[in-house]
Protein chains: 2
Amino acid sequence: MLKNPIVLLDIVDRLANVMRGEFRRVGGEEGLQPVHIQALLFLQQVNRFSNTPQALAEYLNVTKGTISQSLLLLDRHGLIERYQDDIDKRVVRLRLSPLGEAFLDESNPASLWQSGAREISAHRIRYCVTVLRAILFEIQNLTGGTPFGVCNNCIYYQRKSQRIHHCAWFGERLSGPETRKICRDQAPKSSSLTT
Amino acid sequence: MLKNPIVLLDIVDRLANVMRGEFRRVGGEEGLQPVHIQALLFLQQVNRFSNTPQALAEYLNVTKGTISQSLLLLDRHGLIERYQDDIDKRVVRLRLSPLGEAFLDESNPASLWQSGAREISAHRIRYCVTVLRAILFEIQNLTGGTPFGVCNNCIYYQRKSQRIHHCAWFGERLSGPETRKICRDQAPKSSSLTT
DNA sequence: TTTTTTTGGTATCGCTCCGATACTATACCA
DNA sequence: TGGTATAGTATCGGAGCGATACCAAAAAAA
């Protein structure tokens, strides 16, 4: 059956279009475009190894020049902060400003999605996440794209004890919340679908 | 657990961004933008009740003025045909031209997605489709959006015999292939998740 | 019927995303 | 130490997109 994947693609695309419209509506009050909302959501969820313009550009699949302009606008609006990396002085680090965090908290761009998914069980959500992650990872392999993913789903993630988390790739200890954030250098474990 | 839906939204958005980039690549050779590829794919899959600019605009979540320009471009490229509706003379009907069909066949914008989903079983794909459809339908209810969906998943779809399909909404007989196309006036059956 | 309102689509304008290119500064390497 | 690669910025042009105004046809109202 060749057509089912296409049906899935249709739904994914349409959901994204709907959310894009929602982001436009949410951001309109602040003069923000959908892409800016996506950028803010990215910064809300990315870990401290991946909060750079380059990573954001790859995540949103745009060029670094493009994202540079978007960041300029977000900076002018006071929604993000940019600071130089200590070690590599070429690298710019990004984070939400208090204003940016407040904006996300108040406007909650994902609230429509959350409402729409309210009746879906956590198990079904997780199932979909697993399947879509597998597709995304495979596509990233095919196109050579950066394999973004959640930290604790990575082969370099090590849980040394109840409270000690460690990344074998960057060689640094991780806090508990950090292990649930998005990382750009992710090498996912072989997926273990539950059905 | 409030965060899992957000994770799913992230993946849906990112998959859409990746495919958007792929559409840009595919369409670039013909001078087409991602939105034009999406429009062609829509026309490839929509049924004869829903092949209008208005429906396409709602599907892609853009205004009718915007989609009118996109259709103008596709028409200039000879990829679509526009013709007047017999009954309501305000309505413009759309269809892929032979050139448009050939373009989709040759370039196959969804091939990357198909490759990425190759290893996923049909069952898992269907499962995801069902869940995402439920979310999409719920969101459409909340926003008052048009409930697009596949014809044979609609409460107005009636299978009168092995080969006789009927739509109780439009009051017309349907061919077998038609029942698998997208319709804009869809009222989905209560979802029956298989797990 | 005639008039009014609604609806589907088009045309035009301005804004801003976005890719492409060129450029700077830092880091890495031989 | 000089050459290359990389992270980011600046600038330009093309094009999507929303907003508005407009037209024609249908539907509703009077």
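Because the structure is a prediction, the values reported are computed rather than measured.

A. Seen up close, the side chain of H166 of chain A. Residue and element names in this part refer to chain A. Structurally, the position occupied by H166 is in strand β5 (residues 165–167). Of note is the side chain of H166, whose polar atom sits 3.5 Å from the backbone oxygen of E172. Setting aside residues no more than four positions away along its own chain, H166 makes contact with Y156, Y157, Q158, K160, G171, E172, R173 and L174.

B. Here's a closer look at the interface of chain A and chain B. Between chain A and chain B, the residue contacts involve 57 residues of the former and 57 residues of the latter. Summed over both partners, the interface of chain A with chain B comes to about 6,100 Å²; 70% of that surface belongs to carbon and sulfur atoms. When the area that chain A buries against chain B is broken down by residue, the three leading residues are R14, W113 and R124 of chain A, summing to 12%. Seen at the junction of chain A and chain B, the total is 0 salt bridges. On inspection of chain A and its partner chain B, the count reaches 10 residue pairs in polar contact (both at pLDDT 80 or more).

C. Fine view of the protein's contact with DNA strand D. Neighbouring DNA strand D are 23 residues; P53, Q54 and K64 of chain A together with H36 and T63 of chain B lie closest to it. Per the 4 Å cut-off to the protein, sugar and phosphate atoms form 69% of the nearby atoms of DNA strand D. A distance of 3.1 Å separates a phosphate oxygen of DNA strand D from a polar atom in the side chain of H36 of chain B. In this structure, a phosphate oxygen belonging to DNA strand D sits 2.9 Å away from a main-chain N or O atom of T63 of chain B. For the surface near DNA strand D, the secondary structure elements donating two or more residues are α3 (53–60) and α4 (64–76) of chain A together with α2 (34–45) of chain B. The biggest single contributor to the surface near DNA strand D is α4 of chain A, with 4 residues. Considering only residue class, the surface near DNA strand D consists of 6 nonpolar, 10 polar and 7 charged.

D. Examining the domain arrangement of chain A more closely. Residue and element names in this part refer to chain A. What the domain assignment lists for chain A is domain 1 (3–114) and domain 2 (120–183). Computed over C-alpha atoms only, the centres of domain 1 and domain 2 are separated by 19 Å. The interface is formed by 12 residues belonging to domain 1 together with 12 residues belonging to domain 2. Of the roughly 1,100 Å² buried where domain 1 meets domain 2, counting both sides, 62% is carbon and sulfur surface. When residues of domain 1 are sorted by the area they lose upon contact with domain 2, N47, R48 and F49 head the list and together hold 45% of the total. At the junction of domain 1 with domain 2, the criterion picks out 2 salt bridges. With a shortest N-O distance of 2.3 Å, E178 and R48 are connected by a salt bridge. The interface formed by domain 1 and domain 2 includes 5 residue pairs in polar contact (both at pLDDT 80 or more).

E. Layout of the relation of the copies chain A and chain B. Its rotation angle being 180°, the transformation that places chain A on chain B also includes 0.0 Å of axial translation and leaves an RMSD of 0.0 Å. Here the copies are linked by what is in effect a two-fold axis. Of all interface residues in chain A, 100% are interface residues in chain B too; the two copies therefore contact each other through one and the same surface.

F. Inspection of the sheet that holds strand β4 (residues 157–159) of chain A at higher detail. Residue and element names in this part refer to chain A. Read from one edge to the other, the open sheet built from 3 strands follows the order β4-β5-β6, with strand pairing classed as antiparallel. Looking at the sheet topology across the chains shown, the edges are occupied by β4 and β6 (172–174). Strand-to-strand, the axes of this sheet are offset by a mean angle of 35°, without reference to chain direction. Here 3 bridges tie β5 to β6, and the two strands are oriented antiparallel to one another. Of the residues in β6, the one forming a bridge with H166 is R173.

G. View of the packing of aromatic side chains. Under the definition given, this model contains 11 aromatic pairs over all chains. Consider the rings of Y127 of chain A and Y127 of chain B, whose centres lie 4.1 Å apart with planes at 40°: the pair is tilted. Linking Y127 of chain A in helix α7 (residues 122–143) with Y127 of chain B in helix α7 (residues 122–143), this pair reaches from one chain into another. The burial state of Y127 of chain A is the same as that of Y127 of chain B; both residues are buried. Summarising the aromatic geometry, the rings of F42 of chain B and Y59 of chain B are spaced 4.7 Å apart at their centres and angled 45° between planes, so their arrangement reads as tilted. Within this pair, whereas F42 of chain B is found in helix α2, its partner Y59 of chain B is found in helix α3 (residues 53–60), the two being separated by 17 residues in sequence.

Basis of the calculations
Residues numbered from 1 in each chain as written. Chains lettered and ligands numbered in written order. Predicted model: local features only at pLDDT ≥ 70, side-chain atom pairs only at ≥ 80, totals over all residues. Heavy atoms only, no water. Helix = DSSP H or I, 4+ residues; strand = E, 2+ residues; numbered from the N terminus. Polar contact = N/O pair within 3.5 Å; in protein donor to acceptor, adjacent residues only side chain to side chain. Contact = heavy atoms within 4.5 Å. Buried area = accessible area lost by both parts, 1.4 Å probe. Salt bridge = Lys/Arg side-chain N within 4 Å of Asp/Glu carboxyl O. Near = heavy atom within 4 Å. Nonpolar A, V, L, I, M, F, W, Y, C, P; charged D, E, K, R; others polar. Domains from an automatic or database assignment. Least-squares fit on C-alpha atoms with pLDDT ≥ 70 in both. Pairing = 2+ DSSP bridges. Axes fitted to C-alpha atoms, helices over the stretch in contact; angles between N-to-C directions. Phe/Tyr/Trp six-rings, centres within 6.5 Å; stacked < 30°, edge-to-face > 60°. Buried < 20%, exposed > 50% of the residue type's maximum accessible area, 1.4 Å probe, protein only.

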